[in-house]
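Notes for the structure review
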Amino acid sequence: QVQLVESGGGLVQAGGSLRLSCAASGGTFSNYGMGWFRQAPGKEREFVAGINWSGGHTYYADSVKGRFTISRDNAKNTVYLQMNNLKPEDTAVYYCAAQSRWRATMEYEYDYWGQGTQVTVSS
């Protein structure tokens, strides 16, 4: 059983930056691909970014490509989401998740989820 705990959310002005972290425990972190999802009020949860077990393959939703960067540190059992040039439409609860596939963008493909961290971008 893998436990995931997100941190780093907060309130930021449009154009600003935040870095989210997700610390994993209870499993072999490097066995899992990791992903970030987000859910805005009144909307369904959506895929944001993913990274394979080694960090050598990353992939993004079109809405964040060029602004967000996913990375991981297997020695620290942590995955990160660097968010730059934030926009009000990025406001959401952000979740990290773990999966055992090479690449995954759908919720059902992920096996473990964190509790989420709120990101609010003011205009």
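Residues numbered from 1 in each chain as written. Predicted model: local features only at pLDDT ≥ 70, side-chain atom pairs only at ≥ 80, totals over all residues. Heavy atoms only, no water.

Re the sheet that holds strand β8 (residues 78-83)
Taken together, four strands build an open sheet; the order of strands is β1-β3-β8-β7 and the sheet is antiparallel. The outermost strands of the open sheet, each flanked by one partner alone, are β1 (3-7) and β7 (68-73). The sheet shows a mean angle of 15° between the axes of neighbouring strands, taken without regard to direction. For β7 and β8, the ladder comprises six bridges, and the chain directions are antiparallel. Across the sheet, residue aspartate 73 finds its bridge partner in β8, namely threonine 78. (Pairing = 2+ DSSP bridges. Helix = DSSP H or I, 4+ residues; strand = E, 2+ residues; numbered from the N terminus. Axes fitted to C-alpha atoms, helices over the stretch in contact; angles between N-to-C directions.)

With respect to the pattern of salt bridges
In the structure shown here, the tally under the stated rule is five salt bridges. In this structure, aspartate 90 engages arginine 38 in a salt bridge whose closest nitrogen and oxygen atoms are separated by 2.9 Å. Taken together, the residues aspartate 90 in the loop between β8 and β9 (92-99) and arginine 38 in strand β4 (residues 33-39) connect sequence positions 52 residues apart. For aspartate 90, a relative accessible area of 0% puts it in the buried group. Notably, a salt bridge pairs arginine 45 with glutamate 107, separated by 3.0 Å at the nearest N-O pair. Taken as a pair, arginine 45 in the loop between β4 and β5 (46-51) and glutamate 107 in the loop between β9 and β10 (112-113) lie far apart in primary sequence, 62 residues in all. Through salt bridges that share partners, Arg38, Glu46, Arg67 and Asp90 make up one connected network. (Salt bridge = Lys/Arg side-chain N within 4 Å of Asp/Glu carboxyl O. Buried < 20%, exposed > 50% of the residue type's maximum accessible area, 1.4 Å probe, protein only.)

Notes on the packing of aromatic side chains
Any pair of aromatic rings gets described here by the distance separating the centres and the angle formed by the planes. Tallying each qualifying case throughout the model produces six aromatic pairs. With a centroid separation of 6.0 Å and an interplanar angle of 85°, the aromatic rings of tyrosine 32 and tyrosine 112 are classed as edge-to-face. In this pair, tyrosine 32 is assigned in the loop between β3 (18-25) and β4 and tyrosine 112 in strand β10, connecting sequence segments 80 residues apart. Geometrically, the ring pair formed by phenylalanine 37 and phenylalanine 47 is edge-to-face, given 5.6 Å between the ring centres and 80° between the ring planes. With phenylalanine 37 in strand β4 and phenylalanine 47 in strand β5, the pair connects residues that are 10 residues apart, well separated along the chain. Pair check on accessibility: phenylalanine 37 and phenylalanine 47 agree, each one buried. Against the face of tryptophan 113 rests arginine 45, its NZ or CZ located 4.0 Å from the ring centre. (Phe/Tyr/Trp six-rings, centres within 6.5 Å; stacked < 30°, edge-to-face > 60°. Lys NZ or Arg CZ within 6 Å of the ring centre and 35° of its normal.)

Describing the environment of asparagine 74
Mapped onto the elements, asparagine 74 comes out in the loop between β7 and β8. Overall, the relative accessible area of 26% leaves asparagine 74 in the partly exposed class. In the structure, asparagine 74 is positioned 26 residues away from valine 48 in sequence and 20 Å away in space, judged by C-alpha atoms. Sequence-distant contacts of asparagine 74, that is, excluding residues within four places in its chain, are made with Phe29, Ser30, Trp53 and Ser54. Within the local environment of asparagine 74, its side chain forms a polar contact with the backbone oxygen of tryptophan 53, the two atoms lying 3.1 Å apart. (Contact = heavy atoms within 4.5 Å. Polar contact = N/O pair within 3.5 Å; in protein donor to acceptor, adjacent residues only side chain to side chain.)

Focus: the environment of glutamate 89
Mapped onto the elements of the fold, glutamate 89 is located in the loop between β8 and β9. Sequence separation between glutamate 89 and tyrosine 32 is 57 residues, and the spatial gap between their C-alpha atoms is 29 Å.

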